[in-house]
Amino acid sequence: MRIKIVALCSSLLTLILLASAMADEIPVAVAANFTAPMQMIAANFERATGRRAVLSFGATGTLYAQIKNGAPFEILLAADSATPAKLEQEGLAVPGTRATYAIGKLMLWSAKPDLVDNHGQILKTGNFKHLALAAPQLAPYGAAAMETLTKLELLTALQDKLVQGENIAQTHQFVSTGNAELGFVALSQVYENGKLRSGSGWIVPAGLHTPIRQDAVLLAKGKDHPSAQALLQFLHNNQSRKIIESFGYELE
Amino acid sequence: MLEPADWTAIWLTLRLATITTLILLLLGTPVAWWLARTRSRWKGPLVALVALPIVLPPTVLGFYLLLFMGPEGPLGQLTRFLGLGLLPFTFWGLVVASSFYSLPFVVQPIQNAFEAIGERPLEAAATLRASPLDTFFSVVVPLARPGYLTATVMGFAHTIGEFGVVLMIGGNIPGQTRVVSVQIFDHVESMAYPQAHGLAASMVVFAFLVLLVLYTLNPTGRRP
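Before going into details, it helps to say that this report is about the structure given with it. Residue numbering note: each chain is counted from 1, following its sequence as written. Each chain gets a letter, beginning with A, and each ligand a number, beginning with 1, in the order they are written. Where totals are concerned, whole chains, interfaces and linings use all residues; where local detail is concerned, this predicted model gives features only for residues with pLDDT of at least 70, and gives and counts side-chain atom pairs only at 80 or more. Side-chain measures were taken over the full set of non-hydrogen atoms in the model, leaving aside hydrogen atoms and water.

Things to note about the overall build of chain A
Secondary structure counts use DSSP, requiring at least four H or I residues in a row for a helix and at least two E residues in a row for a strand, with both numbered from the N terminus. Secondary structure assignment for chain A yields 11 helices and 12 strands. Each principal axis of the C-alpha distribution contributes one length, and for chain A these read about 75 × 50 × 35 Å. Each residue is placed in one exposure class: buried if its accessible area under a 1.4 Å probe, protein chains only, is under 20% of its type's maximum, exposed if it is over 50%, and partly exposed if it falls in between. Counting every position in chain A, which comprises 252 residues, the buried fraction comes to 49%. At a minimum sequence separation of 6, the contacts of chain A that also span at least 24 residues come to 77%. Where accessible areas are quoted, they stem from the Shrake-Rupley method and a 1.4 Å probe; at the residue level, only the protein chains shown are allowed to cover. With the model as given, the accessible surface of chain A reaches about 11,700 Å², and the carbon-plus-sulfur share is 56%. The positive count covers Lys and Arg only, the negative count covers Asp and Glu only, and His and the chain ends enter neither. A charged residue contributes its charge at one atom only: NZ of Lys, CZ of Arg, CG of Asp or CD of Glu. A gap of 5 Å separates the mean positions of the 21 positive and 20 negative side-chain charges of chain A. Residues count as neighbours in contact if any of their non-hydrogen atoms are within 4.5 Å of one another.

Written as structure tokens, this is what we have:
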């Protein structure tokens, strides 16, 4: 009996090991704001090539710290252009593989249908309890939100109302559950097929913050993995570009 | 080595743990007493309910607390009705969340201590005509002292160590909801390792001292 169990366990283990060795998988680190489009692109990629992108989502700063400390990612889709450049400088990314895959837009958004007007005047009235944004030191959309508030000269007035999510996904969660009346989210989180999915929002004009250029880069761990390179290319084909645009990003 | 912001976080965390522990000792005592004495068929489900936070991931607690305390949630509507506003992103929201989170660590040791007392001291007190309340405070509580010590220390320490729930409902506000564990997370994420070490090492020393005190003072006390 015992021998049988041991035999069963070891054959199961072999199966699991085999399965993971056989599948051609590409570990990809994805900035939280690009979650939804990347899931669609990865599904298309798998359908087209039979190769699987394994996606990990997080704040760009978090992902950077993980990559620097040996995370197995082969590709980084950052929410900024600074992080991929830094990784390249530090020898953790392959030189010459950086490219902008999307230009992000910042939106002041509320889950309530009438709260945010077309010009963001609500910010000046201060007529709300909490304004959510992503942690500016970790997430580029958070930094852009900070810049916007500074430029509008509202930062000091609103300081006490700010609540921070660790990344843009958590920030969106604060606003969508109504716990924060409004917040700065990525347009891609609330936008689909050319319009807002729900609530009300104001697209922050590009002049109020430095453009959020989102760069992708091949990491050192994916240097000799052709599938990783193929996925990077796949991001720029027409099908992927259409998906990216439908979520409210701009393209180069 | 510690910045002013770190001290703010430490002070906030200590305040949170102290208030939460006091609330839990007050609320936990009747619950533990009932669980220790009852033969009701509801005992099983209630014991399981109290123990839930031990096995649930903090993300589950955090997610449901966010909905529960939010504008659409029952507790959110109650606090609004009472004119208290909403609980997420506030210190008192963290107190409520921590009270759920640390509940089993306070109730279980007290319940164990009550159960260990048995019937005889209670019967003896009754033959001496002590009222139930008198019996409780003059007989039960002193006999259950080791349980109370364990409950206090574990409830306090466990609240200090809280992270996932705070992250999900706190909003990272300095002096309000940015507790030590979140402050360490921020230091690490922004690659400020020296600052992270300062706080993290303090936490290790603190946790060791707490457990040392607990096991020295209470060598026979049951662990939760």
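Focus: the packing of aromatic side chains
Whether two aromatic rings pair depends on their centres lying within 6.5 Å, for rings of Phe, Tyr and Trp, where Trp uses its six-membered ring; planes under 30 degrees apart make the pair stacked, over 60 edge-to-face, and the rest tilted. Tallied over the entire structure, the rule returns 13 aromatic pairs over all chains. For the ring pair phenylalanine 45 of chain A and phenylalanine 234 of chain A, a centre distance of 5.2 Å and an interplane angle of 75 degrees mean the geometry is edge-to-face. Highlighted residues: phenylalanine 45 of chain A in helix 2 (residues 35-49) and phenylalanine 234 of chain A in helix 10 (residues 226-234), separated in sequence by 189 residues. Their ring planes at 85 degrees and their centres at 5.5 Å tell us that phenylalanine 91 of chain B and tryptophan 92 of chain B sit as a pair that is edge-to-face. Members of the aromatic cluster, each reached through a chain of ring pairs, are Trp33, Phe114, Phe136, Phe137 and Tyr148 of chain B. Between lysine 161 of chain A and the ring centre of phenylalanine 128 of chain A, over which it is positioned, the NZ or CZ distance is 5.5 Å. Lysine NZ or arginine CZ positioned within 6 Å of the ring centre and within 35 degrees of the ring normal marks a charge as sitting over the ring. The ring of phenylalanine 91 of chain B carries the charged tip of arginine 15 of chain B above its face, separated from the ring centre by 4.4 Å.

A short note on the interface of chain A and chain B
Between chain A and chain B, the residue contacts involve 20 residues of the former and 22 residues of the latter. The three residues of chain A that bury the most area against chain B are Gln164, Glu166 and Asn179 of chain A, which together make up 30% of that side's buried surface. Definition used for salt bridges: Asp or Glu carboxyl oxygen within 4 Å of a side-chain nitrogen of Lys or Arg. Here chain A is connected to chain B by zero salt bridges. In the analysis that follows, any N or O atom pair within 3.5 Å is treated as a polar contact, provided that within protein one partner can donate a hydrogen and the other can accept it, and provided that, for residues neighboring in sequence, both atoms belong to side chains. Applying the counting rule to chain A against chain B returns five residue pairs in polar contact (both at pLDDT 80 or more). Looking at the side of chain A that touches chain B, the elements that each hand over two or more residues are helix 3 (60-68), strand 7 (162-165) and helix 8 (168-176) of chain A. Only Asp, Glu, Lys and Arg are considered charged, only Ala, Val, Leu, Ile, Met, Phe, Trp, Tyr, Cys and Pro nonpolar, and every remaining residue, Gly among them, polar. When its residues are assigned to classes, the side of chain A that touches chain B shows seven nonpolar, 11 polar and two charged. Note on terms: buried area is the combined drop in 1.4 Å-probe accessible area of two parts once they are placed together, counting the loss on both.

Here's the deal with helix 10 (residues 180-189) of chain B
Within helix 10 of chain B, eight of the 10 residues are buried, which leaves the element mostly enclosed by the surrounding structure. All of the buried residues along helix 10 of chain B are Val180, Ser181, Val182, Gln183, Ile184, Asp186, His187 and Glu189 of chain B. Each element contacted by the buried residues of helix 10 of chain B is listed here: helix 3 of chain A together with helix 1 (4-37), helix 9 (164-170) and helix 11 (193-217) of chain B. Trailing helix 10 of chain B by a residue or two, methionine 191 of chain B shows a phi angle of about 65 degrees, which is positive.

Observations regarding the pattern of salt bridges
What the rule picks out here adds up to eight salt bridges over all chains. In this structure, glutamate 250 of chain A and lysine 105 of chain A form a salt bridge, with 3.6 Å as the shortest nitrogen-oxygen distance. Of this pair, glutamate 250 of chain A sits in the segment after helix 11 (238-246) while lysine 105 of chain A sits in the loop between strand 4 (99-104) and strand 5 (106-110), and the two are 145 residues apart along the sequence. The class for glutamate 250 of chain A is partly exposed, based on a relative accessible area of 40%. Here glutamate 119 of chain B makes a salt bridge to arginine 37 of chain B, at a shortest N to O gap of 3.1 Å. One end of the pair, glutamate 119 of chain B, is in the loop between helix 5 (91-117) and helix 6 (120-127); the other, arginine 37 of chain B, is in helix 1, and 82 residues separate them in sequence. For arginine 37 of chain B, a relative accessible area of 32% gives the class partly exposed.

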